[in-house]
Amino acid sequence: MFKHNKKLHRCSIALLVLAFLVCMCFTLAASASQSEEAVVLIATDEDAETTAAGEGVDAVLLIATEEPAETAEETKTNSEALKEFFEQTGVKKLINNTDWKALVMILISFILMFLAIGKGFEPLLLLPIAFGMLLTNLPGAGMFHSEIFEGGHVHWDLIKNGVTLADGTNESAGLIDILYLGVKLGIYPCLIFVGVGAMTDFAPLIANPKSLLLGAASQLGIFVAFILANSVLGFTQNEAGSIGIIGGADGPTAIYTTSLLSPELLGPIAIAAYSYMALVPVIQPPIMKGLTTKKERLIRMDNLRTVSKKEKIIFPIAVTAFVALILPSAAPLIGCLMLGNLFRECGVVDRLAKTAQNELMNIVVIFLGISVGATAKAESFLDPKTLGILALGIFAFAGGTAGGVLLAKFMNLFLPEGKKINPLIGSAGVSAVPMAARVSQKEGQKEDPSNFLLMHAMGPNVAGVIGSAVAAGVFIALFG
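Positions within a chain are numbered from 1, following the residues in the order the chain's sequence is written. Two thresholds apply to this predicted model, a pLDDT of at least 70 for residue-level local features and 80 or more for giving and counting side-chain atom pairs, whereas whole-chain, interface and lining totals are computed over all residues. Values reported for side chains reflect all heavy atoms of the structure, with hydrogen atoms and water molecules removed beforehand.

1. Description of the pattern of salt bridges
What makes a salt bridge here is a side-chain nitrogen of Lys or Arg within 4 Å of a carboxyl oxygen of Asp or Glu, nothing more. For the structure on display, the rule yields ten salt bridges. With a closest N to O distance of 3.7 Å, Asp-302 and Lys-419 form a salt bridge. One end of the pair, Asp-302, is in the loop between helix H18 (294-297) and helix H19 (309-326); the other, Lys-419, is in the loop between helix H23 (384-412) and helix H24 (435-447), with 117 residues separating them in the sequence. Glu-345 is the salt-bridge partner of Arg-344, the closest N and O atoms lying 3.2 Å from each other. Arg-344 sits in the partly exposed class, given a relative accessible area of 32%. Among the charged side chains, a salt-bridge network with shared partners connects Lys-289, Glu-443 and Lys-446. In this description a helix means any DSSP run of H or I spanning at least four residues, a strand means any run of E spanning at least two, and both kinds are numbered starting from the N terminus. Residue burial is assigned from relative accessible area. The probe radius is 1.4 Å, only protein chains are included, and a residue is buried under 20% of its type maximum, exposed over 50%, and partly exposed in between.

2. A word on H24
Quick reminder: α-helices carry 3.6 residues per turn. Residues three or four places apart thus point the same way. Relative to the 18 Å expected for 13 residues at 1.5 Å per residue, H24 spans 19 Å between its end C-alpha atoms, a close match to the ideal helical length. Every buried residue of H24 is listed here: Ala-436, Ala-437, Val-439, Ser-440, Gln-441, Glu-443 and Gly-444. Any two residues whose heavy atoms approach within 4.5 Å at even a single point are treated as in contact. Those residues of H24 that are buried are in contact with helix H17 (280-291) and helix H25 (454-479). By definition here, a helix of n residues has an expected span of 1.5 Å times n minus one.

3. Some details on helix H9 (residues 175-184)
Burial of H9 is extensive: eight of the ten residues sit out of reach of the surface. Residues of H9 that are buried: Ile-176, Asp-177, Leu-179, Tyr-180, Leu-181, Gly-182, Val-183 and Lys-184. On its buried face, H9 is in contact with helix H7 (123-137), helix H8 (156-161), helix H10 (187-199), helix H15 (251-261), helix H16 (266-278) and helix H21 (350-374). Looking at the residues trailing H9, positive phi occurs at Gly-186, about 75°.

4. Structural notes on the packing of H17 against H23
Angles here are taken between N-to-C directions and fall from 0 to 180 degrees, while the axes themselves are lines fitted to C-alpha atoms, restricted in helices to the stretch in contact. Where H17 contacts H23, the axes come no closer than 10 Å and their chain directions differ by 40°. Classified by the angle between their axes, H17 and H23 sit oblique to one another. Crossing geometry of H17 relative to H23 is assigned as right-handed. Every residue of H23 that contacts H17 at Val-280, Ile-283, Gln-284, Ile-287, Met-288 and Leu-291 is listed here: Ile-394, Phe-397, Ala-398, Thr-401, Ala-402, Val-405, Leu-406 and Lys-409. Amino acids are sorted into nonpolar (Ala, Val, Leu, Ile, Met, Phe, Trp, Tyr, Cys and Pro), charged (Asp, Glu, Lys and Arg) and polar (every other residue, Gly among them). By residue class, the composition of the contact of H17 with H23 is eleven nonpolar, two polar and one charged. Any angle that is under 35 degrees is reported as roughly parallel, and any over 145 degrees as roughly antiparallel; angles of 65 to 115 degrees are reported as roughly perpendicular and all others as oblique. Working rule for handedness: look at the near helix, and if it is turned counterclockwise from the far one by less than a right angle, call the crossing left-handed; if clockwise, right-handed.

5. Observations regarding the environment of Gly-152
Relative to the elements of secondary structure, Gly-152 occurs in the loop between H7 and H8. With 32 residues separating them along the chain, Gly-152 and Lys-184 place their C-alpha atoms 8.6 Å apart. Gly-152 has contacts with Lys-184 and Pro-263, leaving out every residue within four places of it along the chain.

6. Some details on the packing of aromatic side chains
Each pair of aromatic rings taken from Phe, Tyr and Trp, with Trp reduced to its six-membered ring, is defined by centres within 6.5 Å and is described as stacked if the planes are under 30 degrees apart, edge-to-face if over 60, and tilted in the remaining cases. Across all of its chains, the model carries eleven aromatic pairs by this definition. Consider the rings of Phe-144 and Tyr-180, whose centres lie 5.5 Å apart with planes at 75°: the pair is edge-to-face. Taken as a pair, Phe-144 in the loop between H7 and H8 and Tyr-180 in helix H9 lie far apart in primary sequence, 36 residues in all. Judged by relative accessible area, which is 2%, Tyr-180 ranks as buried. Measuring from ring centre to ring centre gives 5.2 Å for Phe-202 and Phe-315, while their planes differ by 40°; the resulting arrangement is tilted. Of this pair, Phe-202 sits in the loop between H10 and helix H11 (203-207) while Phe-315 is found in helix H19, placing the two residues 113 residues apart along the sequence. Phe-202 gets classed as buried once you look at its relative accessible area, which sits at 2%. An aromatic cluster of at least three residues, connected via ring pairs, comprises Phe-223, Phe-226, Phe-475 and Phe-479.

This is how it looks when you write it as C-alpha cells:
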C-alpha cells in the first residue's frame, strides 16, 4: 500500500518521528518527577527523624553532607537534561568548533560514495574507504584517533588509557583505532595478496616468459613519479616512494608501502590509487595509440602453449624463494601472493583456496577500506600535498603504460616476423588485474575485431603484480 502512495508513506514516517519525540519527552518528564518525589520523601523522613529524636539530627546532617552531588543531580530539570543532551550532539560540537574542514571531508566522502555506487569506480574498496572517511570526520564520533599512531609508531599506552583531547577530556580508543592496527602492522595487505594469488592464473606468464619483462618495464611510472616527487615537488624520499607506488596500479601494495614509509599520507594515496585504477580505461588508450602505429596494433600473436600442472605448482615456490633471497623486504607481499596461488594450483586444498578467494578476501577488504578511509581526516587530507599526490598519480600511471608499450616496440627490433609482440599488451603491465588486459584487448579489436589479445595481455598483467611488489620492496629496503 505504501509503495503506491508516496504521500501516505511520508505521513507515516513523520508520525513515527513525532511519536519518538513525544515518547522521549514523556520519559524525561517522568524521570524528573520521580527525582522530585524522591527529594520530598527524603526531606519528610529527615523532618520525622528530627522531631522524634534530637540526637538523630547530627546523623541526618552527616548524610546530607556526604551526598550533595547526588541530590543535585536528582533534581535536574527537564530543560537542563535537554540542554545537556544537545551539548553532546555532533551538531553542537560542529558549531562550537566551527570546523568547516570536517564538512568538506564529509562532502568528499559523499562524492566518493557516488562514484563507487553510481559509476562503479572500484566499488569493492572505494565504498568502504569513503564510508570510513565519513565516520572519522563526524564530530564527536571518536572512532579514530591519529594521536595513537603519531610518529609512525603504535602508542599502546594510549590504546590502554585513552586519548586526551584538546578540551582536556579523556576519550577511549575507538573501533577504527583497533581495526587500523591491521593496516599499521601490515596484516591486511598481505592477507589480500593471499586472496589475489588464489584468484590469479599465472599460466600466460609461464607460457610466455618474455611478458615478465613487459611487466617490469611498466614499473617505470613508479620511478618517474618518485623522481618528480622528490626532486621537483620537494617531497621527502619516504613520501616520494609511497607516492611512486601509485604507478603500480596495485592498491594493497600502495597501502602496505605507505603504512611503512609515510603513514600520514595513507588516506590521499589510497584514494588516488583506487580512483586511478578505476580510470585505467580512460587514461591508457590515448597513450597506447599515441605510441604505436596502425601496423603495430594489427600484429597477431601465436596461441600460447599449454602449461602443465607441474609447472604451475613449481612456479609460486620458485618465485617466492628467488625473490626472498634477492630482496627480503618484498617477501611478505610476494610470499602471500604465491601462497594463495599455490592453494589454487596444487589441487589438494580446495577449501583453503575458496576461503582465500571469497570469505577471507571480502572480510579483509571491509576492514582495510574502513581503516584506510578513517586516516583521511580534514587536517591531513585538506593539504596542498594532496593535490601534488593526485597530480603525480597521473604521471605514474602514464609512465607505467608508456614503459610497457615502448619496451614491446624495442623487443620487436630483435624478433623475427611471426614472433613479434603486439605493443598494446605492454600497457597491461601496470597490474590493474584484469582491467588493464581488457583495455589491451579492446584497443586491439578496434583495429582488427578478430584479433584476440586478452590471454597474451594477461601475461604482463600478472607480471605487473609481481613487479609492483618488488618495487615496493626496493623502496622499503632503501628508505624503510
